[in-house]
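Each chain, written out:
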Amino acid sequence: MKTLGFIHTALVMVDVIKKELGALPCEVNPFHIVDESLLIDLMKAGELNPKIVRRLCQHVVSAEESGAEIITVTCSSLSPSIDIAKRLVSCTLFKIDEPMAEVAVDRGEKIGILATVATTLGPTSALLRQKAKEAGKEISLSAALCQEAFQAILQGDIERHDRMITEKGMELSREVDLIVLAQGSMARLAFPLSQKIGIPVLSSPPLFFGMLRSMLHGHQKGNK
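Calculation notes
Residues numbered from 1 in each chain as written. Predicted model: local features only at pLDDT ≥ 70, side-chain atom pairs only at ≥ 80, totals over all residues. Heavy atoms only, no water. Helix = DSSP H or I, 4+ residues; strand = E, 2+ residues; numbered from the N terminus. Rg over C-alpha atoms; globule rule 2.2 N^0.38 Å. Buried < 20%, exposed > 50% of the residue type's maximum accessible area, 1.4 Å probe, protein only. Contact = heavy atoms within 4.5 Å. Areas by Shrake-Rupley, 256 points an atom, 1.4 Å probe, with all protein chains shown as cover. Lys, Arg positive; Asp, Glu negative; His and termini not counted. Charge placed at Lys NZ, Arg CZ, Asp CG, Glu CD. Pairing = 2+ DSSP bridges. Right-handed = clockwise from strand over helix to strand, strands pointing away. Arc of directions from axis to C-beta. Salt bridge = Lys/Arg side-chain N within 4 Å of Asp/Glu carboxyl O. Axes fitted to C-alpha atoms, helices over the stretch in contact; angles between N-to-C directions.

(A) The overall build of the protein, seen in detail. What the protein contains, in helices and strands, is 10 helices and 8 strands. For the protein, whose C-alpha radius of gyration is 17 Å, the value lies close to the compact-globule estimate of 17 Å for 224 residues. In terms of principal-axis extent, the alpha carbons of the protein reach across some 50 × 40 × 35 Å. Buried residues in the protein amount to 51% of all 224 residues. Of the contacts made within the protein by residues no fewer than 6 positions apart, 71% connect residues no fewer than 24 positions apart. Accessible surface, the protein as shown: approximately 10,800 Å² in total, 49% of it carbon and sulfur. The protein carries 25 positive and 26 negative side-chain charges, and their two centres are separated by 1 Å.

Structure, rendered in structure tokens:
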């Protein structure tokens, strides 16, 4: 049984991940580390700094020392620091939004990024451009930021959050052929928003867990 460690900067992501864990093809032993202060400090600073990177790395090392064989950081804003943390552990360390970026680049040329946290825009854009470069493909990016929606979900106002995201998504859809949701907390809106605006809307948790399912299934078959 694989031990999976998840590192979050928003408590809402725990429920998102637990829902996806229920669909895995084999039993796993998951645990969660939640440090909301990481994202709060990042939003105050406006960019990653050594203090934030060091704390994220400490969480990653702690997760490995707690027995995690696969660690996933679910905050896209911390994406650049994950590359540093990989050097400190021997287990597998994932960015949750990497499969989403690969699928987005494969399916679209005009890609929209819908975010509720400003610090996510830079890392998500950089990851998409990196994947486009690896694929030898030209893409254009358009971003829409809805910070009020993030505040709404922190206050527990899910209805207001969803309404704001839908409105922003409809606006963004006029200039792109595909939208990626930069926050995993928006995952449940991907399908209804896609149905409403008529273009693909991608979210990181289901695409990441699709990759993880294949990985665990292959491991399970290899052990038979």
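(B) Geometry of the pairing of strand S6 (residues 140-145). With 6 bridges joining them, strand S5 (residues 110-115) and S6 adopt parallel strand pairing. Bridged to Lys110 within S6 is Ser140. Taken together, S5, helix H6 (residues 118-135) and S6 constitute a β-α-β crossover, and its handedness is right-handed.

(C) Just helix H1 (residues 12-21), in detail. The set of residues buried in H1 consists of Met13, Val14, Val16, Ile17, Glu20 and Leu21. With its buried residues spanning 165° around the axis, H1 presents them on a single face. Every exposed residue of H1 that faces more than 90 degrees away from the buried side is listed here: Asp15 and Lys19.

(D) Expanded view of the pattern of salt bridges. Tallying each qualifying case throughout the model produces 7 salt bridges. Taking the shortest distance from any N to any O, the salt bridge between Lys95 and Asp83 comes out at 3.2 Å. Note that Lys95 is positioned in strand S4 (residues 92-95) and Asp83 in helix H4 (residues 79-85), a separation of 12 residues in sequence. Exposure remark for Asp83: the relative accessible area of 37% places this residue in the partly exposed category. The salt bridge partner of Arg188 is Asp162, with a shortest N-O separation of 2.7 Å. With a gap of 26 residues between them, Arg188 in the loop between strand S7 (178-181) and helix H9 (190-197) and Asp162 in helix H8 (residues 158-172) connect regions that are remote in the sequence.

(E) Local environment of the environment of Met186. Note that Met186 resides in the loop between S7 and H9. Separated by 21 residues in the primary sequence, Met186 and Ile165 place their C-alpha atoms 8.3 Å from one another. Apart from residues no more than four positions distant in its own chain, Met186 is found in contact with Leu114, Ala115, Thr116, His161, Ile165, Leu181 and Ser203.

(F) Seen up close, the sheet that holds strand S2 (residues 28-34). Read across the sheet, 4 strands follow the order S2-S1-S3-S4 without closing on themselves; strand pairing throughout is parallel. Looking at which strands have only one partner, the edges of the open sheet turn out to be S2 and S4. Between one strand axis and the next, the sheet turns by 20° as a mean value, whatever way the strands run. Taken together, the 4 bridges between strand S3 (residues 70-73) and S4 define a ladder with parallel strand orientation. Its bridge partner lying in S4, Val73 is registered against Lys95.

Coordinates in, geometry out; function isn't part of it.
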